[in-house]
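# Structural features, examined
The chain contents come next:
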Amino acid sequence: MQKAIKKLVIAGGGTAGWMAAALLKKVFGDTLAIELVESEDIGIIGVGEATIPPIQIFNQYLGLDEKEFLRETHATIKLAIKFENWRVQGESYYHTFGAPGATLGVTNFQHYWLRAKELGLKESLWDFDLNYLCCEQGKFNKIKTPNPVYDMPYAYHFDSALYGKYLRKLAEQAGVTRTEGLIEQVKQDAETGFVKALQLKDGREITGDLFIDCTGLRGLLIRKTLGVTYEHWDHYLPANSALAVPTERFDTTLPYTRSIAHSAGWQWRIPLTHRNGNGIVYSSGYLNDDQAYQTLMNNLDSKALAEPKKISFETGRTTKQWHKNVVAIGLSSGFLEPLESTSIHLIQSGIVRLMKMFPNHGISEAQVRAYNAESKDEFETIRDFIILHYHVNERDDSDFWRDMRQMAIPHRLQEKLALFKETGAIFNDANDIFRDSSWLQVMLGQGLQPADYHPAVRAYSKEQLLEVMQNISTAKQQPLQKLTSHDEFLALYTKS
Ligand SMILES: Cc1cc2nc3c(=O)[nH]c(=O)nc-3n(C[C@H](O)[C@H](O)[C@H](O)COP(=O)(O)OP(=O)(O)OC[C@H]3O[C@@H](n4cnc5c(N)ncnc54)[C@H](O)[C@@H]3O)c2cc1C
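Residues numbered from 1 in each chain as written. Predicted model: local features only at pLDDT ≥ 70, side-chain atom pairs only at ≥ 80, totals over all residues. Heavy atoms only, no water.

Tracing the backbone shows Lys82 in strand 4 (residues 80–84). Nearest to the buried, unbridged Lys82 among oppositely charged side chains is Glu84, at 4.5 Å. Not counting residues up to four positions away in its chain, the partners in contact with Lys82 are Ser92, Tyr93, Tyr94, Tyr256, Thr257, Arg258 and Ser259. (Helix = DSSP H or I, 4+ residues; strand = E, 2+ residues; numbered from the N terminus. Buried < 20%, exposed > 50% of the residue type's maximum accessible area, 1.4 Å probe, protein only. Lys, Arg positive; Asp, Glu negative; His and termini not counted. Salt bridge = Lys/Arg side-chain N within 4 Å of Asp/Glu carboxyl O. Contact = heavy atoms within 4.5 Å.)

What follows is the structure, given as structure tokens:
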């Protein structure tokens, strides 16, 4: 299509639609007209509460005031996810956003830690991680140190529906047009198949040059209209259902998400300032809806504020995220269960990718291919990271966990696990949002023990190595005394 993009149409106004509208308006200003169409009759999916640290960059780019953002979205701080009963029942570990230890010389911390353990060190990997120490003590404050390895990276728990509303206000103020209406038909050019207009139930037509499909699990433009196929991943990740329920909040707000594994599936608990979010993710092949309901309700630790809402989903992705003049962002582009809180991040990275590859004098096929290749890689690396949690387990109490252990896994993941098991090494993949410290924590937490470590660690004598470990531990613990409780932080910070 050799035509400048003057008007962008966003179909759908959930978190994805409003994140896209707000950011692209901020970037392009009056040079690009943006119209967003949404239907209150259909509504939004209404779940999604946990995020990962890059959301801060997105908010900063939009110029959001963090205190106002926290108030508007009833947000709390997230330093980690605590995985309970995942390796075996009765045991837990954290995947924190911090970096355990500090890189010494040319090799990563785990090699030194593994050698030090061999020499008698008692501390776990997590004892060298400030995020973990704060989770255990319920503490938080914003800290910035000259060496980022001693910082405390964080994300948020928030109400994504409120986030969408907040961004809508900003986007409309900046000049985005919102149209209320039900899209009944998507009109295409007879020759090229490019989308020309969205026809609404009342007969109005919304025309545009480029369309973003943010219609959620429906995928109205990308799947239903353009017929882009869907790659299913239920042979790796069999969960296809969730029940979500809000409960009363506690007096003390944990600065982390809880992920509690059951005999089949797992349950989340996410603290917000006005309620807790809870839910169970499960596969109908192992747990029927009644069993899932009972498991969820029996394991709530405060009063339910509503009846659980059932959501069905297909794990996988559209084989193209961009096809013709339609870019799918949000749930329309694929679904990965919320185990590592990645959906909102995938929205963010889809928008940023589109911003970087935004067509100038028409859509180039090379641009579309580059966009799709990067999206594919990003989706697949997250998928692999999620599979790791299920596949490497030692639970023997149900068919579910035995099947997960025995299933075939993607080749790239096989190689990653083999490398770590044999050598203790982890290499980052370019488009993987989870860096080596994330993989390290989950691989160790799920019970994978490296047989070796890097030979460079032998350059340290036992005394030197134990002294270095002691110094890192002291440096990591130093900020703890000055930090307030998470609740004190929220109260003081959001009121100031
Ligand atoms: C159980 C569960 C838990 C989750 N937890 C997390 C989490 O912790 N962290 C995280 O990052 N993500 C999470 N997610 C994902 C998160 O909810 C979504 O990524 C996010 O809400 C974005 O959704 P969306 O905007 O793509 O779709 P939706 O919210 O479904 O929005 C779709 C929009 O399209 C509109 N629409 C659809 N059809 C039409 C039509 N014909 N005409 C007009 N308008 C139409 C709707 O009205 C709506 O405005 C979770 C998802 C599930 C299922």
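Another point: the sheet that holds strand 15 (residues 256–261). With respect to topology, seven strands assemble into an open sheet ordered 5-4-15-16-17-14-18, the strand pairing being mixed. Both outer strands of the open sheet, strand 5 (92–96) and strand 18 (309–312), are each paired with one neighbouring strand and no more. Mean inter-strand twist for the sheet, computed between neighbouring axes without regard to direction, equals 20 degrees. (Pairing = 2+ DSSP bridges. Axes fitted to C-alpha atoms, helices over the stretch in contact; angles between N-to-C directions.)

Looking now at the packing of aromatic side chains. Within this structure, the stated rule accounts for 29 aromatic pairs. Between the aromatic rings of Trp86 and Trp401, the centroid separation amounts to 5.4 Å while the plane-to-plane angle is 85 degrees, which identifies the pairing as edge-to-face. With Trp86 in the loop between strand 4 and strand 5 and Trp401 in helix 11 (residues 399–406), the pair connects residues that are 315 residues apart, well separated along the chain. The exposure classification of Trp86 matches that of Trp401, with both residues buried. Taken together, a centroid distance of 5.4 Å and an interplanar angle of 85 degrees make the contact between Trp322 and Tyr371 edge-to-face. Here the residue Trp322 occupies a position in strand 20 (residues 322–323), and Tyr371 occupies one in helix 10 (residues 365–391), the gap between them amounting to 49 residues. Taken individually, Trp322 and Tyr371 each receive the classification buried, so the pair is uniform in this respect. The cationic tip of Arg353 hangs over the ring face of Tyr371; the distance from NZ or CZ to the ring centre is 5.6 Å. Geometry around Trp439 places Lys416 over its ring, the cationic atom sitting 4.4 Å from the centre. (Phe/Tyr/Trp six-rings, centres within 6.5 Å; stacked < 30°, edge-to-face > 60°. Lys NZ or Arg CZ within 6 Å of the ring centre and 35° of its normal.)

What follows concerns the site of the ligand. For the ligand, the set of nearby residues contains 34 residues, the closest of which are Gly13, Val47, Ala50, Ile183 and Ile344. The greatest single-element share of the shell around the ligand, amounting to three residues, is contributed by helix 9 (residues 343–356). Class assignment for the residues of the shell around the ligand results in 18 nonpolar, 13 polar and three charged. (Near = heavy atom within 4 Å. Nonpolar A, V, L, I, M, F, W, Y, C, P; charged D, E, K, R; others polar.)

Burial along strand 12 (residues 210–213) is two-sided: the face carrying Leu210 and Ile212 and the face carrying Phe211 and Asp213 are both buried. Judged from the four bridges that link them, strand 1 (residues 7–11) and strand 12 form a sheet pairing that is parallel. Bridging across to strand 12, Ile10 finds its partner in Ile212. Sheet topology places strand 12 next to strand 21 (residues 326–328); three bridges connect them, and they run parallel. Residue pairing in the sheet places Phe211 in a bridge with Val326 of strand 21.

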